[in-house]
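# An overview of the molecular structure
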Amino acid sequence: QVQLVESGGGLVQAGGSLRLSCTASGRTFSSYAMGWFRQAPGKEREYVAAIDWSGGDTYYADSVKGRFTISRDNAKSTVYLQMNSLKPEDTAVYYCAGSLVTSKMRQLGEADYWGQGTQVTVSS
């Protein structure tokens, strides 16, 4: 079992930046690919970014490519999402997720483990 706890959400003006963190406990963090998803009010949950177990491969949804960066520190059992040039349409609850493979998150929008989410609000 893996427990995921997100932090770092908040209110920011358009064009600003935030960094989300997700710390894992339980089974070996470095065995898992990690990802971020988000869900805006009235919309379905959508995939945002994923990173493989080593941090060597990263993947992004087209909507965030060039603005968001996913990274991980296996020594700290933590995955990050650096969000720059934020837009009002980035407003959502952001969820950290873990899976044995990135493809499950990227292609199926699913994961084996989920955090409880952190709110990100971008004002115009």
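The structure this text deals with has already been given above.
Residues numbered from 1 in each chain as written. Predicted model: local features only at pLDDT ≥ 70, side-chain atom pairs only at ≥ 80, totals over all residues. Heavy atoms only, no water.

## Describing the nonpolar core
Of all hydrophobic cores here, the largest spans 36 residues; its most connected members are Met34, Trp36, Val79, Leu81, Met83 and Tyr94. Those elements giving two or more residues to this core turn out to be β1 (2-7), β3 (18-26), β4 (33-39), β5 (46-51), β7 (68-73), β8 (78-83), β9 (92-99) and β11 (118-123). Among the elements that make up this core, the one with the highest residue count is β5 (five residues). (Core = buried A, V, L, I, M, F, W, Y, C linked by side-chain atoms within 4.5 Å. Buried < 20%, exposed > 50% of the residue type's maximum accessible area, 1.4 Å probe, protein only. Helix = DSSP H or I, 4+ residues; strand = E, 2+ residues; numbered from the N terminus.)

## A look at the pattern of salt bridges
Inspection of every chain in the model, using the stated rule, returns five salt bridges. One salt bridge connects Arg38 with Glu46, and the closest N-O pair in it is separated by 2.6 Å. Connected through salt bridges with shared partners, the residues Arg38, Glu46, Arg67 and Asp90 form a single ionic network. (Salt bridge = Lys/Arg side-chain N within 4 Å of Asp/Glu carboxyl O.)

## Here we look at the environment of Val64
With respect to the helices, strands and loops of the structure, Val64 is situated in the loop between β6 (58-60) and β7. Given the relative accessible area of 0%, Val64 is considered buried. Setting aside chain neighbours within four positions, we find Val64 in contact with Arg38 and Val48. (Contact = heavy atoms within 4.5 Å.)

## Here's the deal with the environment of Gly98
The residue Gly98 is located in strand β9 in this model. What makes Gly98 buried here is its relative accessible area of 2%. Residues Gly98 and Asp112, spaced 14 residues apart in sequence, show a C-alpha to C-alpha distance of 5.8 Å. Not counting residues up to four positions away in its chain, the partners in contact with Gly98 are Leu4, Tyr32, Ala33, Met34, Ala111, Asp112 and Tyr113.

## Structural notes on the packing of aromatic side chains
By the definition in use, this model includes three aromatic pairs. Between the aromatic rings of Tyr32 and Tyr113, the centroid separation amounts to 5.7 Å while the plane-to-plane angle is 75 degrees, which identifies the pairing as edge-to-face. Residue Tyr32 is located in the loop between β3 and β4, and its partner Tyr113 is located in strand β10 (residues 113-114); the two are separated by 81 residues in the primary sequence. An identical accessibility class is assigned to Tyr32 and Tyr113; each is buried. Judged by centre distance (5.9 Å) and plane angle (70 degrees), the ring pair of Phe37 and Tyr47 falls under edge-to-face. Of this pair, Phe37 sits in strand β4 while Tyr47 sits in strand β5, and the two are 10 residues apart along the sequence. Under the relative-accessibility criterion, Tyr47 is labelled buried at 15%. Ring pairs connect the aromatic residues Phe37, Tyr47 and Trp114, which therefore count as one cluster. (Phe/Tyr/Trp six-rings, centres within 6.5 Å; stacked < 30°, edge-to-face > 60°.)

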